[in-house]
Amino acid sequence: KQWYQRRVAITAGGKLGWEYRQILAGNPDPWCQRAVSALRANHTRPHVVYTTTDHRIVACVDCMEDQHYVNYIHVKVNEMGRCRDCGNCFVVLPHPEPEVFFQDPHH
């Protein structure tokens, strides 16, 4: 599988090639989409979520143990969002290294 990823990284272009090159360079989450499990957060110590746009949709999945749904919170950059059920707080900040993200040269 490793040789296949290297071959695709060399020959593929666009987003797929960029993603494979990021993974081979040691970045396991090139799109910043990996879910992070953490303890409850309040307004004094919120969860920090990075984004490359002006907003982010955050999912809160650990509200109550007997509930089986996901709360989605739309949070703008430099603002805090709070889950309506459990009170978890999230703050969205600009990504500290935006140049590592894929830039489409055609758009």
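This write-up is about the structure you can find in this document. Computed from a prediction, not measured in an experiment: that's the story for all the values here. (Residues numbered from 1 in each chain as written. Predicted model: local features only at pLDDT ≥ 70, side-chain atom pairs only at ≥ 80, totals over all residues. Heavy atoms only, no water.)

### Comments concerning the overall build of the chain
Keep this limit in mind: Strands are runs of DSSP state E lasting at least two residues, helices are runs of H or I lasting at least four, and both sets are numbered from the N terminus onward. Three labels apply to residues, based on accessible area from a 1.4 Å probe with only protein chains included: buried if under 20% of the type maximum, exposed if over 50%, partly exposed otherwise in between. Only the protein chains shown count as cover for residues, with accessible areas throughout obtained via the Shrake-Rupley method and a probe of 1.4 Å.
Check the secondary structure of the chain and you find two helices and five strands. The helix and strand sequence of the chain, counted from the amino end, reads α-α-β-β-β-β-β. When each of the 107 residues of the chain is scored for burial, the buried share is 29%. Entry remark: accessible area of the chain is about 8100 Å², with carbon and sulfur atoms responsible for 53%.

### With respect to the sheet that holds strand 1 (residues 47–51)
Convention followed: Strand pairing follows a simple DSSP-based rule, namely that at least 2 bridges must link the two strands. Every angle, taken between N-to-C directions, lies between 0 and 180 degrees, and every axis is a line fitted to C-alpha atoms, over only the stretch in contact when it is a helix.
Across the sheet, three strands lie side by side as 1-5-4; this open sheet has mixed pairing. Single-partner strands in this sheet number two, and they are strand 1 and strand 4 (80–82). Neighbour to neighbour, the strand axes of the sheet diverge by 30 degrees on average, direction disregarded.

### Some thoughts on the environment of Asp-85
What counts, and what does not: In this analysis, two residues are considered to be in contact whenever any of their non-hydrogen atoms come within 4.5 Å of each other. Under the rule applied, a polar contact is a pair of N or O atoms within 3.5 Å (in protein, one hydrogen donor and one hydrogen acceptor; residues adjacent in sequence only if both atoms are side-chain atoms).
By the element assignment, Asp-85 lies in the loop between strand 4 and strand 5 (89–94). The class of Asp-85 is partly exposed, set by a relative accessible area of 26%. In this structure, the C-alpha to C-alpha distance between Asp-85 and Met-64, residues 21 residues apart in sequence, is 8.0 Å. Setting aside residues no more than four positions away along its own chain, Asp-85 makes contact with Cys-63, Met-64, Gln-67, Tyr-69 and Asn-71. In this structure the side chain of Asp-85 is engaged in a polar contact, spanning 2.6 Å, whose partner is the side chain of Tyr-69.

### Some words on the pattern of salt bridges
Filter applied, for reference: Only one rule defines a salt bridge in this text: a Lys or Arg side-chain nitrogen within 4 Å of an Asp or Glu carboxyl oxygen.
If you walk through the whole model with that rule in mind, you get one salt bridge. Of the charged contacts in the structure, one is a salt bridge between Arg-84 and Asp-85, with a shortest N-O distance of 3.9 Å. When its relative accessible area of 69% is taken as the criterion, Arg-84 is described as exposed.

### Topic: the pairing of strand 3 (residues 71–76)
Successive residues of a regular strand alternate their side chains across the two faces of the sheet. The alternating pattern of strand 3 places Asn-71, Ile-73 and Val-75 on a buried face, while none of Tyr-72, His-74 and Lys-76, on the opposite face, is buried. The pairing of strand 2 (residues 55–60) with strand 3 spans six bridges and is classified as antiparallel. Paired with Ala-59 across the bridge in strand 3 is Tyr-72.

### So, helix 2 (residues 14–24)
The α-helix advances 3.6 residues per turn, and as a result positions three or four apart in sequence lie on the same side. Those residues of helix 2 that sit buried are Gly-17, Trp-18, Tyr-20 and Gln-22. Backbone geometry just downstream of helix 2 places Gly-26 in the positive-phi region, at approximately 105 degrees.

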